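Observations on the model geometry
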Amino acid sequence: MDLAYIPSPSTGVIHLGPIPLRGYAFCIIIGVFVAVWLGNKRWIARGGTAGTVADIAVWAVPFGLVGGRLYHVITDYQLYFSEGENWVDAFKIWEGGLGIWGAIALGAVGAWIGCRRRGIPLPAYADAIAPGIALAQAIGRWGNWFNQELYGKPTDLPWALKITAGPNREAGLYHPTFLYESLWCVAVALVVIWADRRFKLGHGRAFALYVAAYCSGRVWTEYLRVDEAHHVLGLRLNVWTAIIVGLLAIAYMVISAKVRPGREEIVEPRKDADAKDAKGGKTADDAEDKAAGKAGTEVEDGEDAAAASAASTAPDGEADAVEDAAPADDVPAPATAKDGADNGAGAGGR
């Protein structure tokens with residue numbers, strides 16, 4: 001008798017009237033919100049503007065979903081295009097089937113489009129969102145639990161996953177590979193956050209660390225799985241993909257650290273310009289007042305120069321008239337008889 005195991009839900013769908021609420025879809029949606037929330041906090045800490053991560057996610061998420069589904073359908077085409085299968089099922093994303101490799105690849109294209117529209121470097125955005133993606137994967141893997149899919153080999157461990165009989169599956173106790181990968185993704189997120197704070201990773205290296213760390217865990221969780229998959233040289237296709245992508249991520253980290261050491265000082269140009277103005281105590285009103293004051297000074301200087309030029313070039317009579325037109329405070333007070341006598345006495349005494 002089995003004393004302990006992880007039960008599977010009897011159904012992955014709860015009907016709210018005519019509306020089906022699917023556990024798989026909820027896990028994906030919650031994962032996206034967590035990724036955007038954490039990415040936004042990290043982006044602001046890097047000097048970016050609140051809301052930028054969400055704006056770019058509007059591009060990245062749809063691209064990622066399409067890419068993830070395409071990868072799954074292409075690599076598991078026999079599930080949809082073999083004899084007796086219905087190819088329409090390839091569009092039923094709510095039934096499960098998203099390949100992280102395709103999701104990241106095509107999601108990066110969407111993120112690049114969003115970053116380009118905002119004038120933001122894609123590597124900096126990827127660094128900010130990397131731990132959030134790992135957490136989104138951790139949450140999304142529970143969607144496999146709702147669908148009773150992607151479990152591992154049979155086991156009698158206390159944390160074995162109980163699978164009920166159903167289409168393409170046999171009842172029994174199996175390794176809960178969804179749980180292994182979920183916990184691994186949480187650990188990856190924590191490692192990336194720690195390393196980013198400790199080493200000030202930049203230029204996409206935090207994202208590369210996430211990719212490398214995730215791939216190392218995906219190798220052994222993929223090895224435990226028993227669902228149908230293509231094999232190359234005795235290994236599942238996803239194992240080879242994890243090995244190759246992980247090695248490329250490590251190579252990027254090493255080369256990037258040599259070519260572009262340090263971290264980006266500016267992640268969002270407009271935000272940085274506003275910060276500089278605030279730091280220097282300059283505002284738009286100050287700039288306008290300064291410009292107005294400078295313009296007024298130039299006008300006064302121009303009037304004085306014009307008057308001086310007119311006085312120097314005019315005939316004697318006209319020059320006297322120009323001088324008479326000068327401001328009264330520039331004309332010396334007339335001397336008195338007493339002042340003349342005093343001046344004479346003073347000069348004689350010397």
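Model, not experiment: these values are computed from the prediction.

Moving on: the nonpolar core. With 41 residues, the main nonpolar core has Trp43, Trp101, Tyr125, Val192, Phe207 and Tyr210 as its most contacted residues. Of all the secondary-structure elements, those providing two or more residues to this core are α1 (23-45), α2 (52-75), α4 (100-118), α5 (122-140), α7 (177-199), α8 (205-224) and α9 (237-259). Ranked by residue count, the leading element in this core is α8, at ten residues. Contact partners of Trp101, with chain neighbours within four places excluded, come to Tyr71, Tyr214, Cys215, Arg218, Asn238, Thr241, Ala242 and Val245.

A word on the pairing of strand β1 (residues 13-16). Two strands pair when backbone bridges link them, and β1 and strand β2 (residues 19-22) are joined in this way by four bridges, in the antiparallel orientation. By the bridge assignment for β2, Leu16 is matched with Ile19. Hairpin connection from β1 to β2: two residues lie between these consecutive antiparallel strands, with Gly17 at a positive phi of about 70°.

Relative orientation of the contacting elements α5 and α7 amounts to 165°, with a least axis distance of 8 Å. The angle between α5 and α7 falls in the class roughly antiparallel. Where α5 crosses over α7, the handedness of that crossing is left-handed. Counting all contacts with α5, which are made through Ala130, Pro131, Ala134, Leu135, Gln137 and Ala138, the residues of α7 involved are Glu181, Ser182, Cys185, Val186, Val188, Ala189, Val192 and Ile193. Partitioning the contact of α5 with α7 into residue classes produces eleven nonpolar, two polar and one charged.

Here we take up the confidence of the model for the protein chain. For the protein chain, the mean per-residue pLDDT works out to 82, and 76% of the residues sit at or above 70. Counting interchain partners and residues more than four positions distant, the pLDDT-below-50 stretch residues 281-289 has two contacts. Low pLDDT, under 50, characterises residues 305-350; the predicted model gives this stretch four contacts beyond four residues in sequence or across chains.

What follows concerns the pattern of salt bridges. This structure, assessed with the given rule, holds twelve salt bridges. Taking the shortest distance from any N to any O, the salt bridge between Asp89 and Lys92 comes out at 3.0 Å. Residue Lys92 is classed as partly exposed on the basis of its relative accessible area, which comes to 25%. Across the salt bridge formed by Glu222 and Arg218, the nearest N and O atoms sit 2.8 Å from each other. Of this pair, Glu222 and Arg218 both sit in helix α8, four residues apart, which is roughly one turn of that helix. For the pair Glu222 and Arg218, a shared accessibility class is recorded, and that class is buried.

Glancing now at the side chain of Arg218. With relative accessibility at 4%, the residue Arg218 sits in the buried group. Each residue touching Arg218, except ones within four places of it in the same chain, is listed here: Ile100, Trp101, Arg141, Glu181, Arg225, Asn238 and Ala242.

So, on to the packing of α5 against α8. At their nearest, the axes of α5 and α8 sit 7 Å apart, and the two run at 25° to each other. Our classification of the angle between α5 and α8 gives roughly parallel. Where α5 crosses over α8, the handedness of that crossing is left-handed. Across from Ala126, Asp127, Ala130, Ile133, Ala134 and Gln137 in α5, the residues of α8 making contact are Arg205, Ala206, Phe207, Tyr210 and Tyr214. For the contact of α5 with α8, a count of residues per class yields eight nonpolar, one polar and two charged.

Bringing the environment of Ser82 into the picture now. If you trace the backbone, Ser82 turns up in the loop between α3 (78-81) and α4. A polar atom in the side chain of Ser82 sits 2.7 Å from the backbone oxygen of Gln78.

On to the side chain of His72, then. The topology assignment puts His72 in helix α2. Setting aside anything within four residues of it in sequence, one finds His72 in contact with Leu79, Tyr80, Gly97, Leu98 and Gly99.

Criteria and cut-off values
- Residues numbered from 1 in each chain as written.
- Predicted model: local features only at pLDDT ≥ 70, side-chain atom pairs only at ≥ 80, totals over all residues.
- Heavy atoms only, no water.
- Core = buried A, V, L, I, M, F, W, Y, C linked by side-chain atoms within 4.5 Å.
- Buried < 20%, exposed > 50% of the residue type's maximum accessible area, 1.4 Å probe, protein only.
- Helix = DSSP H or I, 4+ residues; strand = E, 2+ residues; numbered from the N terminus.
- Contact = heavy atoms within 4.5 Å.
- Pairing = 2+ DSSP bridges.
- Axes fitted to C-alpha atoms, helices over the stretch in contact; angles between N-to-C directions.
- Parallel < 35°, antiparallel > 145°, perpendicular 65-115°, else oblique.
- Left-handed = near helix turned anticlockwise from the far one by under 90°.
- Nonpolar A, V, L, I, M, F, W, Y, C, P; charged D, E, K, R; others polar.
- pLDDT = per-residue confidence, 0-100.
- Salt bridge = Lys/Arg side-chain N within 4 Å of Asp/Glu carboxyl O.
- Polar contact = N/O pair within 3.5 Å; in protein donor to acceptor, adjacent residues only side chain to side chain.

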